[in-house]
Each structure stands twice: as structure tokens, then as C-alpha cells.
Amino acid sequence: MAKKENKYKGYDITTQAIHTGTDYDEGTGAVRRPLHMANSYKLPDDLSQVNYSSTDLLMYSRNGNPNQHWLEEKVAALHDADDAIVLGSGVAALHALFWTLLKSGDRVIYPNVSYMAVYRMFHELFNRKFGVETIMVDMTDLDAVKQVITPGTRLVHIETPDNPTNGVTDIEAIAKIAHENGALVSVDNTFASPFNQKPLELGADFVVESLTKFINGHGDAQGGAIISNDLEAMDRIRYEAQVNVGSVISPFNAWQIFRGSVTFPLRMQRINESSQKIAEWLEQRENVTFVSYPGLPSNPGHELAKRQMKNGYGGVISFGVNTDDKTVERFCAALKVVTFAVSLGHDESLIFPQPSYDERINLYPEKFRKGFIRFSVGLEDPDDIIADLDQALKSVGL
Ligand SMILES: *Cc1c(COP(=O)(O)O)cnc(C)c1O
């Protein structure tokens, strides 16, 4: 596919989020582009004119659909990138990238703290099923990365800030180490979002975003994206993973995410501010054992985050309370403003305990092994959120 057109390049991200990827509807003059739910498109009378290998071709919606393409223009613009591929979920995007880049015998280095599906793919699936050599490392420790990387390593995958501990990885330094060894670098940017962090500018080759989270932001659609300036690799991903494995997004979900993304920068600004305030409050609260948020000076990744994150530190706060799993559950259930549910980046605040029996708990730094909670700050009034956390903590004797 050709480089994505961005008529608003150079404008602020708030302006780009409103204007890129949209236009008047040619048929009706409507000020919004339509939702095309068709799965098939009329072919020309002369089939010799059809270029079946073109990823621009509108023929069948698994090969691409207009709502997907318009959202791709927008997501590419949010990252100041030449191209984006939008697929059915964040995990579909991660899988599409790994599936296309890796083959048996390749070496991939991945972080000890990462999204659950990345852990599953590299800890159990790509290694056992396909003979990919998968090496887990503490990505926040540059010396540890230098020790395991070898010339010819195919891929280094980073997640920063990471889910669920909010650890911060130095994208620029890892990209340098990786490129010196001939490896590509992919960054899962879901926690930061492009409002706060643009890994391509820091040397990454590929970025993955779960659009389900902050970019859609309304808890009502699932999608994921791969973003890159490597047009050749991106077309290979379209061909190998979208067309031939089938991870395409539904036009309706693409349409919904497109709509949600219009207010993404404004929501993110609010979420950054509220999260900072709530993290500072939690840090002072008795019976809170630790708060991991990159915006807090107490966070070991704070100085690095200040360098590589621009507008703020995101909407997820990881914190601990001095109690057992059962009491943590009772605390979550006692909240009235905050919703007890998985996911993050929605309009409403969401809370989810990370129980001490999670099989990955010993991969996390020590302090995360007891009373650990992941909290996604929403758009409610931050003082209402603080009051709610306080009343629920008190209600379970904390
Ligand atoms: C949620 C999430 C994903 C997966 O996205 P889905 O849209 O749920 O498939 C990947 N990475 C991170 C960091 C996430 O938080």
C-alpha cells in the first residue's frame, strides 16, 4: 500500500485526531464518511484489470475495507508514521507482526513483564510449535539485554510502560543495541498511547497499539494496530497475516474506533492529569504499600519516562495494599464510581486485582507479589475517584 496521505502533517495531535482520515462523503455531501458493511465489492467487467496482489484492492472485506483504511490513515497520523495496519484486536496485531517476521530458528528477545498474550506466544507457542528461540529478559536492565542478544537476533520486543507493573524501558537505548546486532525492534505502546510516546521517533521499527484501550476509549469496540515506516514489511504483514490468516477488523468496529479516536488527545490530557493527582494521593495513603506510576519521582523509571514520554505518563496506576487476595477483591467490589472489570483506557475508571496466585507473579519485582492492583483512571472527576478509593479502602478496614 502506498504511504498514507496526511494532509494535516505538522498540525497538533488534537487537530490531526479530528481531521485526518475523514472527508465529505462524495455521494451525499454528508460531513462524515459512511459505514460500509459490505463484505464484497463489484468487480470491473474486464477482470484482467484487477491486480489481485494489491493491498489497496477493494474486493472482499478480509483483504481490506474502507472503514479500516480510513482508520489506518488516522492511526498513522497519530504516530507521524507512513503506514498503519488496523486489525481485529491488539493481540491480532501482535500476532500478525510476530507471525510475519519470525520463522523457525530465529531468536526473539521479549520482556519478563508483558501483556499476557505476549507471554503465552513466546513462553509456550512460538517456541514449542514453530521452533523459534524465545528469550525472556528484564528489558529495563540494558546490561541483561546486551548479554542475551547475539548478531542475527531477529526481533527485540519491548512493552513500555509495561502491563501490569508500569516498568519503563529505554526505547532509544534498546533500539541502538538491537540495530547493532541486526535485530528489529517492536514496541507495545498501549499504556503510553501516541499522545504521550511515539516509539518510531525513538528508533523503533514497529509499534503496536491496542485500539480497544485509550484510542477508542469508550469500552465498546475491539481493535489493534501495527504502525511503521517500513512500507515493504507492512505489505508483507497485510498479505501474510491479514489476507491469509484473517485477522481483519470488522468495518463496524473500525467505524466506532474512528469515532472514539476524535476525542482521544483531549481524553488523554484529562487522564494524564487525573492519574498524576490520584497517584500522588495514593502514595500518601496509609495501608498503600507502593505506587508504581512513571509520573512519580519515587518511580525508578521516572527520569527515563521524563525523557521519552511527552505530555504525561498515561492512565494506569499500579499499586499495592497491605492485605490478602480476598480482601483486595472485597475492596474492588466495594467501589461505587470505579468499575470492577478488566481492560483499561475507557471513559470509566476500571480496577482489576493481580492475584498472588497468578503464574507470572514471580517474574515481577518482589513488591508486586502481594496485594497488587491495576487501576485504569477514567474521565470521572478525580476527587470523586479519590473519595471512592478512600471509602472502599476504609470499608475493608484499610
Ligand atoms: C490490552 C492490551 C493488549 C491487547 O489488546 P486487545 O485489543 O485486548 O487484544 C496488548 N498489549 C497491552 C499492553 C494491552 O494492555
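Please read these numbers as outputs of a predicted model, since none were measured by experiment. (Residues numbered from 1 in each chain as written. Predicted model: local features only at pLDDT ≥ 70, side-chain atom pairs only at ≥ 80, totals over all residues. Heavy atoms only, no water.)

## What to know about the site of the ligand
Within the structure, the ligand sits among 15 residues, and Val-91, Asp-188, Ser-210, Thr-212 and Lys-213 are positioned closest to it. One nitrogen or oxygen atom from the side chain of Asn-163 is found 3.1 Å from an oxygen atom belonging to the ligand. One of the side-chain N or O atoms of Ser-210 is found 2.8 Å from an oxygen atom in the ligand. Starting from 380 Å² of accessible surface for the ligand in isolation, the protein chains cover 95%. Element by element, the count of residues in the shell around the ligand is highest for helix α3 (residues 90-101), at three residues. The class makeup of the residues in the shell around the ligand is four nonpolar, eight polar and three charged. (Near = heavy atom within 4 Å. Polar contact = N/O pair within 3.5 Å; in protein donor to acceptor, adjacent residues only side chain to side chain. Areas by Shrake-Rupley, 256 points an atom, 1.4 Å probe, with all protein chains shown as cover. Helix = DSSP H or I, 4+ residues; strand = E, 2+ residues; numbered from the N terminus. Nonpolar A, V, L, I, M, F, W, Y, C, P; charged D, E, K, R; others polar.)

## Topic: the domain arrangement of the protein chain
The domain boundaries assigned to the protein chain delineate domain 1 (13-261) and domain 2 (264-395). In this structure, domain 1 and domain 2 have C-alpha centres spaced 26 Å apart. The interface is formed by 44 residues belonging to domain 1 together with 39 residues belonging to domain 2. For the pairing of domain 1 and domain 2, the buried interface totals around 3,300 Å² over both sides, and the portion due to carbon and sulfur atoms is 59%. It is Phe-195, Asn-196 and Phe-214 that lose the most area in domain 1 upon contact with domain 2, and together they represent 23% of the buried surface on that side. Counting every contact that joins domain 1 to domain 2 gives three salt bridges. Note that Glu-201 is salt-bridged to Lys-310, the shortest N-O span being 3.7 Å. Across the domain 1-domain 2 interface, the total number found is 21 residue pairs in polar contact (both at pLDDT 80 or more). Contributions of two or more residues to the side of domain 1 that touches domain 2 are made by α1 (13-19), α4 (116-130), α6 (171-180) and α8 (251-261). Counting residues per element, the side of domain 1 that touches domain 2 draws most heavily on α4, at four residues. (Domains from an automatic or database assignment. Contact = heavy atoms within 4.5 Å. Buried area = accessible area lost by both parts, 1.4 Å probe. Salt bridge = Lys/Arg side-chain N within 4 Å of Asp/Glu carboxyl O.)

## Examining the pairing of strand β5 (residues 184-188)
Within β5, five of the five residues are buried, leaving the element largely enclosed by the surrounding structure. The side-chain alternation of β5 yields two buried faces, one formed by Leu-184, Ser-186 and Asp-188 and the other by Val-185 and Val-187. Relative to β5, strand β4 (residues 155-159) is paired through five bridges, and the arrangement is parallel. Across the sheet, Leu-155 pairs through a bridge with Leu-184, a residue of β5. Where β5 lies against strand β6 (residues 206-210), three bridges are found, and the strand directions are parallel. (Buried < 20%, exposed > 50% of the residue type's maximum accessible area, 1.4 Å probe, protein only. Pairing = 2+ DSSP bridges.)

## Comments concerning the sheet that holds strand β1 (residues 83-87)
With mixed pairing, seven strands are arranged side by side in an open sheet as β1-β7-β6-β5-β4-β2-β3. Here the strands that pair on one side only, and so sit at the sheet edges, are β1 and β3 (133-137). The sheet shows a mean angle of 20 degrees between the axes of neighbouring strands, taken without regard to direction. For strand β2 (residues 107-111) and β4, the ladder comprises two bridges, and the chain directions are parallel. If you follow Ile-109 over to β4, its bridge partner there is Val-156. Against the sheet, α4 engages β2, β3 and β4, with an angle of about 145 degrees to β3. (Axes fitted to C-alpha atoms, helices over the stretch in contact; angles between N-to-C directions.)

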